[in-house]
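# Structural description and commentary
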Amino acid sequence: MVLKQLRGLSSAKRLYKTIIYNPSRTIICSTSTHLTQRLIQEPISRIKTTLDSEITNKNIQISWDSILTSVNHHSPPKAQLVLEWRLEKLLTQNEKNDNMHSDLISLCGKIHSPQTAMRVFTSMESRGRKPSSNILNALISAHLSSNNLVTALSIYETMQNSEDYKPTAHTYNLFISAFANLRNDKAMLAWYSTKIASGFLADLDTYEALILGCIKLKRFEDAERFYGEMTVAGIKPNELILHNLLVGFCEQKESVKLRAFLKDTLENKSMIGGYLAEKLVGFYCDLELVDEMEWVLVELSEAGHNQDLDIVSQIYNGLIRVYAKLDRLDDMEYSVGRMLKQGVSFRSDKDVENVICSYFRQGAYDRLDVFLEFMKGSCMLARSSYELLLDGYRIAGLGEKVDLVIEDLEILEKDLK
């Protein structure tokens, strides 16, 4: 037993001494734009005034989509005022670009404001502007976003009966998507059939909606069938499609199908995004499938995705979490070493504390010391981690280590002041 502990301690020392930590590769989250911050901070009475002062050049490039999403999250009335301000500017400037009207109507749908969308449309008509398929599609989308199905269908019928603005492929996709989200499989498939019968082919948006609907309805075989049709047609899946299929495999606990799906995805150079990786790691961790996570790391490297640090970080942290839970110290330390050599670190204080708890459960205090020495040299431990150490050492009756942790904690508190 003693010999095994000494070997483990020696292995841990070699592991941590060879690690080169690169803090410059830490993942950094982007911040909100200046305008978004101003709109969130200003009182509702100053929203339009703020917009007037901030936007003096109508050609300035602004992401209204992201601004409205953020502002609406904090205050829907403020987001509504932003839309009204945009409409007032279109009217004042006598804007004749149909795309401007279509974009504004689409923004109304983003924050579920079909009434404002109708105001944009009627103001355009009152100035002699004729509607187009794009504008009516945006209007349908705005109403569908608020589940105003009757009005959306009425607009569709108007398009069908017209000669100048017939329904487009996008028109049918809007209805397929709406009924997919409502979990209405009959209506979803009926609109899909109508699209095909109207002479349009299924495209990426069509399959995205169909697969989403099938997964929501737990019609997993149908989701796989549509995915197969899509790949045969040469259509490359987007991240949302990949995510929904992954959700389906996870819900079915189909680890074999999941591996085949991931292998096919990586071989076709499709990206595994952060949200997809989070779902994948959660599934593997719940079932303690460490071999599958090890396999994913190998596949990422072979597919040339080993520089996608956010993805690699999530998988390594999940792997370490399970090894710590199972008290597999050698595997845990080896994984920590590999992770840090790739320039990524622990994603949360909780992940660090999982490792500490594993050492305590095994009474591996010397190996814990090595781990802590390395952590102190590479990143700052959280107060909760120090408190965990205090509790663990006190229970173990290691008074000297308790005193050392108290000293470190006092230094931390001074640095934070």
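Residues numbered from 1 in each chain as written. Predicted model: local features only at pLDDT ≥ 70, side-chain atom pairs only at ≥ 80, totals over all residues. Heavy atoms only, no water.

### Some points on the overall build of the chain
Applicable threshold: By the criteria applied, helices consist of DSSP H or I runs no shorter than four residues and strands consist of E runs no shorter than two, each listed in order from the N terminus. Residue burial is assigned from relative accessible area. The probe radius is 1.4 Å, only protein chains are included, and a residue is buried under 20% of its type maximum, exposed over 50%, and partly exposed in between. Pairs of residues are marked as contacts when any of their non-hydrogen atoms sit within 4.5 Å. What sets the accessible areas is the Shrake-Rupley method with a 1.4 Å probe; for residues, cover comes only from the shown protein chains.
From N to C terminus, the chain includes 23 helices and zero strands. Per-residue burial for the chain yields a buried fraction of 46% across its 417 residues. Residue pairs at least 24 apart in sequence account for 63% of intrachain contacts in the chain once pairs closer than 6 positions are excluded. For the chain, the exposed area adds up to about 21,600 Å²; of that, 51% sits on carbon and sulfur atoms.

### A word on the confidence of the model for the chain
We count it as follows: One number per residue, pLDDT, summarises how confident the predictor is, and it ranges from 0 to 100.
Taken over all residues, the pLDDT of the chain has a mean of 86, while the share at 70 or more is 88%. Note that residues 1–8 has pLDDT below 50 and, in this model, three contacts with residues that lie over four places away or in other chains. With pLDDT under 50 throughout, residues 18–32 is counted as low confidence; its partners more than four residues away or in other chains account for 19 contacts.

### Overview of helix α16 (residues 274–286)
Within an α-helix, residues lying three or four positions from one another point in the same direction, as the helix has 3.6 residues per turn. Under the convention used in this document: An expected span of 1.5 Å times one less than the residue number is assigned to each helix.
For α16, built from 13 residues, the straight-helix expectation of 18 Å at 1.5 Å per residue is met to within 8% by its first-to-last C-alpha distance of 18 Å. All of the buried residues in α16 are L276, A277, L280, V281, F283, Y284 and C285. With its phi angle positive at about 55 degrees, E288 sits one or two positions after the end of α16.

### So, the pattern of salt bridges
The following threshold applies: Every case where a carboxyl oxygen of Asp or Glu lies within 4 Å of a side-chain nitrogen of Lys or Arg is listed as a salt bridge.
Under the definition given, this model contains 26 salt bridges. In this structure, R367 and E333 form a salt bridge, with 2.7 Å as the shortest nitrogen-oxygen distance. Here R367, found in helix α21 (residues 365–378), pairs with E333, found in helix α19 (residues 329–341); they are 34 residues apart in sequence, far enough to count as distant. E333 shares its class with R367; the two are buried. Ionic contacts of the salt-bridge type, sharing partners, join the residues D185, R219, D222, R225 and E229 into one network.

### Re unusual backbone geometry
Unlike most non-glycine residues, R183 shows phi in positive territory, near 60 degrees. Following the sequence through the fold, R183 ends up in the loop between α10 (169–181) and α11 (185–197). If you check the backbone angles, D327 has positive phi at about 55 degrees while not being a glycine. Structurally, D327 is set in the loop between α18 (309–325) and α19.

### Side note on empty space enclosed by the protein
Threshold: A 1.4 Å probe that fits but cannot get out identifies a cavity on a 1 Å grid over protein atoms alone, an open set with protein on both sides within 12 Å along at least five of seven lines counts as a pocket, and a residue lines either if it has an atom within 4 Å of a point. Grid points are joined across faces, edges and corners, and a volume is the space filled by probe spheres set on the points. Only Asp, Glu, Lys and Arg are considered charged in this grouping, and only Ala, Val, Leu, Ile, Met, Phe, Trp, Tyr, Cys and Pro are considered nonpolar; every other residue, Gly among them, is considered polar.
Tallied over the full model, the rule gives one cavity of 30 Å³ or more. Here the largest cavity defines a volume of roughly 40 Å³. Taken together, I215, F220, A223, E224, L245, G248, F249 and Q252 make up the full set of residues lining the largest cavity. Looking at the lining of the largest cavity, the elements that each hand over two or more residues are α13 (220–232) and α14 (239–251). The residue inventory of the lining of the largest cavity, partitioned by class, reads five nonpolar, two polar and one charged.

### A few points about the packing of α16 against α18
Just so we agree on the cut-off: Only C-alpha atoms enter the line fits that serve as axes; for helices the fit covers just the stretch in contact. Angles between N-to-C directions range over 0 to 180 degrees. Roughly parallel refers to an angle under 35 degrees, roughly antiparallel to one over 145, roughly perpendicular to one between 65 and 115, and oblique to any angle outside these ranges. Left-handed is the label given to a crossing in which the near helix is rotated counterclockwise from the far helix by less than a right angle, and right-handed is the label when the rotation is clockwise.
For the pair α16 and α18, the least separation of the axes is 9 Å and the interaxial angle reads 15 degrees. As far as their axial angle goes, α18 and α16 are roughly parallel. The hand of the α16/α18 crossing is right-handed. Listed contacts from α18 to G274, A277, E278, V281 and C285 of α16 are D310, I311, Q314, I315, G318, R321 and V322. Across the contact of α16 with α18, the residue classes tally to six nonpolar, three polar and three charged.

### Let's talk about the side chain of T206
As a reminder, the rule being used: Polar contact is the term for a pair of N or O atoms within 3.5 Å; when the atoms are in protein, one must be able to donate a hydrogen and the other to accept it, and sequence-neighboring residues count only if both atoms are side-chain atoms.
Residue position: T206 is located in helix α12 (residues 204–216). A relative accessible area of 0% means that T206 is categorised as buried. Polar side-chain contacts of T206 include one of 2.6 Å to the side chain of N173. Leave out the neighbours within four places in its chain, and T206 touches N173, I176, Y192 and K195.

### Some thoughts on the side chain of D351
The topology assignment puts D351 in helix α20 (residues 349–362). Residues within four places of D351 in sequence aside, it is in contact with N317, R321 and F346.

### A few points about the environment of C250
Structurally, C250 is set in helix α14. Take C250: its relative accessible area is 8%, and that puts it in the buried class.

### Some words on the packing of aromatic side chains
Stated formally: Working definition: a ring pair exists when centres of Phe, Tyr or Trp rings (six-membered ring for Trp) sit within 6.5 Å. Plane angles under 30 degrees give stacked, over 60 give edge-to-face, the rest tilted.
Evaluated as defined, the whole model comprises 15 aromatic pairs. Taking 6.1 Å as the distance between ring centres and 40 degrees as the angle between the ring planes, the aromatic pair formed by W64 and W85 counts as tilted. Of the two residues, W64 is situated in helix α4 (residues 64–74) and W85 in helix α5 (residues 76–92); the sequence distance between them amounts to 21 residues. The pair formed by W64 and W85 is uniform in burial state, with each residue classed as buried. Here Y156 and W191 contribute two aromatic rings whose centre-to-centre distance is 5.0 Å and whose plane-to-plane angle is 75 degrees, an arrangement assigned as edge-to-face. Taken together, the residues span a long stretch of sequence, with Y156 in helix α9 (residues 149–160) and W191 in helix α11 at a distance of 35 residues.

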